[in-house]
Each structure stands twice: as C-alpha cells, then as structure tokens.
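In case you want the letters, here they are:
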Amino acid sequence: MKMTGSQILCESLIKEGVDVIFGILGGSILPLYDTLTQYPQLRHVLVRHEQAAAHAAASYARVTGKPGVCFATSGPGATNLVTGIADAYLDSTPVIAITGQVARPFIGKDAFQEIDITGITLPITKHNYLVTDAGQVAQTVKEAFYIARTGRPGPVLIDMPKDVQVDMAEFDYSTRLVMPGYKPTTQGHPSQLKKAARVIQDAAKPVILAGHGVIIAEAYDELKEMAENNQIPVITTLLGISAFPGSHFLSYGWLGMHGMACANMAIDACDLVIAVGMRFDDRATGKISGFAPHAKVIHIDIDPAEIGKNVKVDVPIVGDVKAVLKGLNKYIEPKQNPEWLSHLEALRLQHPALHIGDSDSILPQYAIRKIWEATEGRATVITGVGQHQMWTAQYYTFDRPNTLVTSGGLGTMGFELPASVGAAVGRPGEDIWCIAGDGSIQMTIQELATIVQENLPVKIAIMNNGYLGMVRQWQEMFYGKRYMATPLACPDFTKIAEAYCIPAINIKHRQDVEPAIQRAIEHPGSFLLNFVVEPEENVYPMVPPGASLAEVMETPRKEVLKWPRKSTL
Amino acid sequence: MATQKHTIVALVMDKPGVFNRISSLFRRRGFNMESIAVGHSELANISRVTIVVDGSTVQVEQVRKQLEKIIDVVKVTDITLRDTITRELALMKVHANSNTRSEIIQIVDIFRAKIVDVAGDSVTVEVTGDSSKVETLFKLLKVFGIKEIARTGYIAMTRGDTASL
C-alpha cells in the first residue's frame, strides 16, 4: 500500500515497538507531526528544548532497555539535539534522533533553517542517514534501530527532508537487512574463555571491575554468580553503579576520582582485574601508568576497539557481556579467597566510604543519605553533573539493578531534569528522584513545564550551595582559592516551582530534612525540595587529577557511618 | 614508541559520505595519514581505499579497529608485513630546454618512465612504481626544476591467490 514518507516512518516506528517520542516541532517537520495525529498509539511528549528531547530519549532507553526516540525540526532544532546525542554516544545509549530537513531542492542552498546535521553529528553518532527518497524510509528506520540497539549501543540520526515526508512510496517492512560492514561479535571465543578461566583460577587477589556494559546486557545474575562462586570482590565504574547490589558483602563500591578509597586501594593491590563491560575512562583509572600496577587484565567488551585502547590487556574477550560471563562461569571451578577478602575487609574498615560530619547546617551527604533511607533505596535516581552527582553515587546505596541514571562520559550539566522526564515516562508508577545541583538544574530548568504538562511525579531535590560546586572545589584545591565565576546568584527555586504549579519547600536546618523528604514522598505528584546546604563542602575521597588511584585523598572529617551490609559471609 | 609506516587496505560501501567518515575519524582521533587512494574494487558497490598511516603498532591497531566500527566499512586489513605489490603514479612537469632535454630523457628511460607531454620549456614525465622509485626520480629531476607535480598516493595488493573478501 502506498503511504507518505511520514506515514511510513510512523508505521516503521510502531514495528520497532516504539510507543513514545520526545520532541518539539517546527517548520521542516510539520508534515510528520501532522501525521502523528493518525497514530494515537505513538505518545508524544512535548519538551521545551531539543536538548531535553535527546536526554529524555536516552534516559528512557536506559531505564527500559528499548531505544529512545526524539524528534526535532531542521536548523536550530537539530543543532540543539547535539549535546544530548553526544551524551548518548559517550554513554553507549540507543537513541533514534529524527530531524526534519529543508526540502531536497533547497539542500545545499543555505535555505532558512537549513543545517548539515548529518555532517555535524558524524563524530557523535554510531551512524546517521540523510533520507533522499520516501522509498528508503522503511529500510533506513529498520537499519537505524538495528544499529542503535545491537553491538555497543549508540545514537543514530535520521535526517528527513520535508518533501520526503510527503512523497508517496510503498510501505514494506519485510526486507532483509544487508549490512556487510556491521556484524557485532556477541559470543566470546571459546579459547579466550578457557584462557581467562585459567587466569582467574590462578589469581590470588582478583577483583571484578563492572561497567555500564553489565547493565546494558542485563548480566546481573551472571555477574553475581561469578563473584559469589569464586569470592571475587566487585568494584564498579560510575556508570556501573547498580550493576551489582551496593550492599552485597562482595561489593567494594566504585572506583576513580571520587570513588571509594577502599575500591581504589583494592585496584592498586590486586593481581587480576576482570574488567566487564567498561572502557578504562581516565576518570576511572587515574594516571594510567599507575593503574593496577601488579595486575593482569582480562577485558570483556563488545566493542573490539575498546580493547587495548587505554590499558594493556592480557586476555581480551570480545563479546556480549551476558553471553561471555555465562560461558566463563562454566569454565571456572568455584573457589574461596579468604585471605584476600579479609585484607580488603580490613581496608574497608580503615577507609570507610561514608563520612557525614556533625553540623547544624545541612550537609549534602546527609540530605542524600536521608533520601536513600526514606525511599528504602528503591528509587530510580537521576542526577546532573557535579558535586551532587558524586555525593549521590556515594551516599545513595543502589541495590536494585539499573536504578542510577547519570551522565558519565560527556559529563553534561543539565542532564538531570530532562533525564527525569525520560525515566518517569519509562518507569510509570515507580519512585523517580531527581537529585540536582543548583548550577546544573538551571541549564535545563524549563523542563519543569514538561513535568507539569505530562503530570510526571518526579521528586526534585536540589543541593543548593550557591556555587558551581565541583569547579569551586577545584579552584579551592588547585587554583589558590580564586573563585572566578563559580559563585551563583540563584533564583528562589521554590518560587520558580510554584510558577509551574509544583509544590516546593526550602530546607535550611538539619532537623527539617527528614520531614521535608516525607512531605515530598506523600505528595502524589511532582515536588521540589530546595536543600540549602553547606556552601563549601568538598567531595571526598578524591584522586587528584594526574595522580594514580593509590594516591587517593580522604575526607578530613572523623565521624563515620556504618557501611550498609545486608548479606554476610 | 617506535613508529613505522603501515599500509592499510579498507573495503568500503560505495555510498555518499563514506570518504568523509574515514577522514573525519583520522582527524578527530589524531591519527597521522600519509597518503590515501580510493577507487572501485572488483566487487559491485564496494570501493577500495589504501591508506598509509604512520604510527606505533598499538596506534595502528586502533586505527584498524576504529575504521572497522564505521558501519559502511566492510573490511580492514593491515598488509604492512605481508608480501605486497605497492604502486604509485606520479606526473612531473620538469623545466627542459634544448640543453637539458636529452639528459632528462635519458634519466626517464633508465627509470622506465614515460614522457607524456612536451612543450616549449618543459616536459611532463609519467612514472609508476613503488615509493622509492618515485622519490628517486623526483630527486634526480628536481635539479632541472620542477614546475608541477601530481601523485596519486599508494595502492597496494598482496601477492598470491588472496581475494578482497
């Protein structure tokens, strides 16, 4: 049957299981939006800036495991997507971005709102397309979804000229994909698995380093099996948080610049790193020459280009993390590691993860810990980027799989609010907590309108310290306390919230923290908590830039919280 | 780390923008491209790209893997250590007058190159061969004065029965 390019696109999206689209319209995408009226099964979430559409789609993808879809118009609409697409690219998230483009005869003529978005997004997409024929739409969408969700996931952009959206063509979604240049390896090579199993068997001081790949592959059970059967401690990356229960007795927190001291020390002391679905980012490894100096490295990743990119690898295994771990578990004889574990246990006691000082004012760590308590650690937590992000990763203990959505690779301030929109749409009926920074949230604060329009019950907790806090911390530590451009004059966030009809309260004293969180939880809809926190509180532990993980600086404070433990040896 | 020139052969889909994807990859990852030559292969819709890249073994391994990640790139092979035939074609327009013309022709003959055009005060030489031959001829002709030079960049093929795919 003949259909318009727009109808073919909508039909194709439905074939791919899409039920929600985040976007904003404009001139060059009007025919497609007009067609959306014929497809009520495609829910459209209207955001207030295209960057938010891309972040929301990415966050939706991360919480559901399905590709997220966003729409934008040509020109500025498309360029506004760029930050969100780049964020999704660096965090290996499947996003399908569909942009309107000026009609074919105008391409290359600098027409109104014309921009070469395929050229612009070339280095930040897994692949992209300019569709020049309505007859190609179905095939393109099919390829785009296949590329986005398989192998190492990533964003794919489809640029659709306005006249292609209205041209007629036959709709046929049954064509087989022919992509000779794209064949992701999913199964680990058996000889590599056996080799890895031997190395694991021989190790006296092994650690598992679990990354985002474990979450993407949903390899939680396989990871747990490997860790438990062989008594191997598990350390995660920032994006690997919630790949393994945070209160598990084998969990040693996360590593890197603001990771737990005991995790960084364990990496320094171990004789084997089993890296699972992670890419040795510089924020995770510290100085690369000082990373795990005594260890062999087994690196499991689906992207062959990640192997040997930053760290020399002894046993590389290319494949899907779930399949590889499943295979590997068959080859390893269960083993006990009492000496190594008791050594690490001692490290953990000497270098506890959580420090909350005694103070009348509100320490951000305390507020976050109280949110953890009040939500019983069951919420899906979304953060922006900065100090509040690090404190959330440290002081909220994630036991449920895939419950932290944060911007890792790109480190995009302003991620939290739009990502909360995506998470709330993707997980209706669940607790969605947006932990925000006062600087970070102001980059995308207009998305409060989306939360209201879509009636999303997002609880927003701003850690308001009146600074661009993480940068201020660096200025304090490395730039002689010269606070250039970091002090912020913030609006009264409660009034901003009220303007959007979102109830909100200011919290200024420690004793008011718990009742405020309770109020937010009891309120059925969205609620904003503005925690006025200690302005110059720093994030510890910290591995100074350029230092190795062993040179971790710990908090100068004394008072210590007990590490949350559920199961025991 | 010791660097070395590597010859990489990539088979790529014959689609718009593929060349851009490859060159953009080299630029953004800081890989050092010395030469690139593109042309049709024996396979329908597939072009063959020969790239000479300078780098350590580890860097060039990254080049190969990153190239393979491009969806429109079908196959990438580093043929540096294989037994290969490499060729380049160059056109050199050399200053020539009645005094020097015969000497130039002699040099050209020794190199089994060809004079493909003669004008009032120049001759144009066509030479094919591996890099050292082209370089040597260039050095010898340089003393007469080179007006213009055009080189294709290397193409390469392994000896023996191997096929592209």
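In this text the structure is predicted, and so the values were computed from the model without any measurement.

Looking only at helices and strands, chain B has four helices and nine strands in total. Referenced to the eigenvectors of the C-alpha coordinate spread, the extents of chain B come out at roughly 55 × 40 × 30 Å. Across chain B, the fraction of contacts at a sequence separation of at least 24, relative to all contacts at a separation of at least 6, is 73%. Summing over all exposed atoms, chain B offers an accessible surface of approximately 9,100 Å²; the carbon and sulfur share of this is 51%.

Once that is clear, we can look at the domain arrangement of chain A. All names here are of chain A. According to the domain assignment, chain A contains domain 1 (2-170), domain 2 (190-350) and domain 3 (364-539). Each of domain 1 and domain 3 has a C-alpha centre, and the two are 30 Å apart. Residue-level contacts link 23 residues of domain 1 with 29 residues of domain 3. Between domain 1 and domain 3, a total of about 2,000 Å² is buried, with carbon and sulfur atoms accounting for 58% of that surface. If you sort the residues of domain 1 by the area they bury against domain 3, Arg 48, Arg 62 and Val 63 come out on top, with a joint share of 31%. Run the count over domain 1 and domain 3 and you get 14 residue pairs in polar contact (both at pLDDT 80 or more). Elements with a contribution of two residues or more to the side of domain 1 that touches domain 3: β2 (20-23), β3 (43-46), α3 (50-64) and α4 (76-90). A per-element tally of the side of domain 1 that touches domain 3 places α3 first, with nine residues. Partitioned by chemical class, the residues of the side of domain 1 that touches domain 3 number eleven nonpolar, seven polar and five charged.

This brings us to the interface of chain B and chain A. Where interface size is quoted, it is often the accessible area lost as the parts come together. Counting residues at the interface gives 16 residues for chain B, matched by 17 residues for chain A. With both chains or domains summed, chain B and chain A bury close to 1,400 Å², and 54% of this area falls on carbon and sulfur atoms. Looking at the side of chain B facing chain A, the largest losses of area belong to Arg 21, Lys 69 and Ile 71 of chain B, adding up to 44% of the total buried there. Taken together, the links from chain B to chain A amount to one salt bridge.

In this section: the environment of Asp 14 of chain B. All names here are of chain B. Position of Asp 14 relative to the elements: it lies in the loop between β1 (4-13) and α1 (18-29). With relative accessibility at 42%, the residue Asp 14 sits in the partly exposed group. Along the backbone, Asp 14 and His 40 are 26 residues apart, and their C-alpha atoms lie at a distance of 8.2 Å. If near-sequence neighbours (up to four positions away) are discounted, Asp 14 is found in contact with His 40, Asn 45, Ile 46 and Ser 47.

Within a sheet, neighbouring strands are paired by backbone hydrogen bonds and run either parallel or antiparallel to one another. All names here are of chain A. Taken together, the six strands give an open sheet; going across it, the order is β3-β2-β4-β5-β7-β6, and neighbouring strands pair in parallel fashion. The open sheet has two edge strands with one neighbour each: β3 and β6 (127-130). On average, adjacent strands in this sheet sit at an angle of 20 degrees to one another, irrespective of strand direction. When strand β5 (residues 95-101) meets strand β7 (residues 156-161), the two strands line up parallel, connected through six bridges. Bridging from a neighbouring strand, Gly 100 pairs with Met 160 of β7.

Residues and elements named next belong to chain A. Ranked by internal contacts, the top residues of the largest apolar core, which has 70 residues, are Leu 529 and Phe 531. Considering every element that reaches this core, the biggest residue donor is helix α11 (residues 261-269), with six residues. For this core, the domains that each give at least three residues are domain 2 (190-350) and domain 3 (364-539). Residues contacting Leu 529, with those up to four places away along its chain left out, are Trp 433, Ile 460, Ala 461, Ile 462, Ile 505, Ile 507, Ala 516, Ile 517 and Ala 520. Counting 50 residues, the second-largest nonpolar core is a separate cluster that includes Ala 53, Val 421, Ile 451 and Ala 504.

A separate point is the pairing of β3 of chain A. All names here are of chain A. Bridging between β2 and β3 involves four bridges; their strand directions are parallel. Counted as the bridge partner of Gly 23 is Leu 46 from β3. The parallel pair β2 and β3 is bridged by helix α2 (residues 30-36), and the resulting crossover is right-handed.

The next point concerns unusual backbone geometry. Residue and element names in this part refer to chain A. Cis geometry marks the peptide bond from Tyr 540 to Pro 541; its omega dihedral reads -5 degrees. In this fold, Pro 541 is placed in the segment after β20 (527-532). Even without a glycine there, the phi angle at Glu 376 is positive, about 55 degrees. Position of Glu 376 relative to the elements: it lies in the loop between α15 (364-374) and β15 (380-383).

With that settled, the discussion passes to the packing of helix α10 (residues 220-230) of chain A against helix α13 (residues 321-331) of chain A. Residues and elements named next belong to chain A. Following both chains from N to C, one finds α10 and α13 inclined at 30 degrees, their axes separated by 9 Å at the closest point. Classed by the angle they form, the pair α10 and α13 counts as roughly parallel. Every pair of crossing elements has a handedness; the one defined by α10 and α13 is left-handed. Between α10 and α13, the residues in contact are Glu 222, Leu 223, Glu 225 and Met 226 and Lys 322, Leu 325, Lys 326, Leu 328 and Asn 329, respectively. Class assignment of the residues belonging to the contact of α10 with α13 gives a composition of four nonpolar, one polar and four charged.

This next bit is on the packing of helix α8 (residues 190-202) of chain A against α13 of chain A. Residues and elements named next belong to chain A. Contact geometry for α8 and α13: axes closest at 9 Å, N-to-C directions at 55 degrees. With respect to α13, the axis of α8 lies oblique. With respect to the hand of their crossing, α8 and α13 are arranged in right-handed fashion. On the side of α8, the interface is formed by Pro 190, Leu 193, Lys 194, Ala 196, Ala 197, Ile 200 and Gln 201, while α13 contributes Val 324, Gly 327, Leu 328 and Tyr 331. Across the contact of α8 with α13, the residue classes tally to eight nonpolar, two polar and one charged.

Next up on the list: the pattern of salt bridges. In the structure shown here, the tally under the stated rule is 29 salt bridges over all chains. The salt bridge partner of Arg 104 of chain A is Asp 163 of chain A, with a shortest N-O separation of 3.0 Å. A residue pair is termed long-range when its members are at least 10 positions apart, and Arg 104 of chain A in the loop between β5 and α5 (117-120) and Asp 163 of chain A in helix α7 (residues 162-166) qualify at 59 residues. Its relative accessible area of 30% is what places Arg 104 of chain A among the partly exposed residues. Owing to a relative accessible area of 18%, Asp 163 of chain A belongs among the buried residues under this scheme. One salt bridge connects Asp 72 of chain B with Lys 15 of chain B, and the closest N-O pair in it is separated by 3.5 Å. Residue Asp 72 of chain B is found in the loop between α2 (57-69) and β4 (73-78), and its partner Lys 15 of chain B is found in the loop between β1 and α1; the two are separated by 57 residues along the sequence. Given a relative accessible area of 5%, Asp 72 of chain B falls into the buried group. Linked through salt bridges whose partners overlap, the residues forming this network are Arg 152, Asp 303, Glu 306 and Lys 309 of chain A together with Lys 69 of chain B.

Conventions adopted
Residues numbered from 1 in each chain as written. Chains lettered and ligands numbered in written order. Predicted model: local features only at pLDDT ≥ 70, side-chain atom pairs only at ≥ 80, totals over all residues. Heavy atoms only, no water. Helix = DSSP H or I, 4+ residues; strand = E, 2+ residues; numbered from the N terminus. Contact = heavy atoms within 4.5 Å. Areas by Shrake-Rupley, 256 points an atom, 1.4 Å probe, with all protein chains shown as cover. Domains from an automatic or database assignment. Buried area = accessible area lost by both parts, 1.4 Å probe. Polar contact = N/O pair within 3.5 Å; in protein donor to acceptor, adjacent residues only side chain to side chain. Nonpolar A, V, L, I, M, F, W, Y, C, P; charged D, E, K, R; others polar. Salt bridge = Lys/Arg side-chain N within 4 Å of Asp/Glu carboxyl O. Buried < 20%, exposed > 50% of the residue type's maximum accessible area, 1.4 Å probe, protein only. Pairing = 2+ DSSP bridges. Axes fitted to C-alpha atoms, helices over the stretch in contact; angles between N-to-C directions. Core = buried A, V, L, I, M, F, W, Y, C linked by side-chain atoms within 4.5 Å. Right-handed = clockwise from strand over helix to strand, strands pointing away. Parallel < 35°, antiparallel > 145°, perpendicular 65-115°, else oblique. Left-handed = near helix turned anticlockwise from the far one by under 90°.

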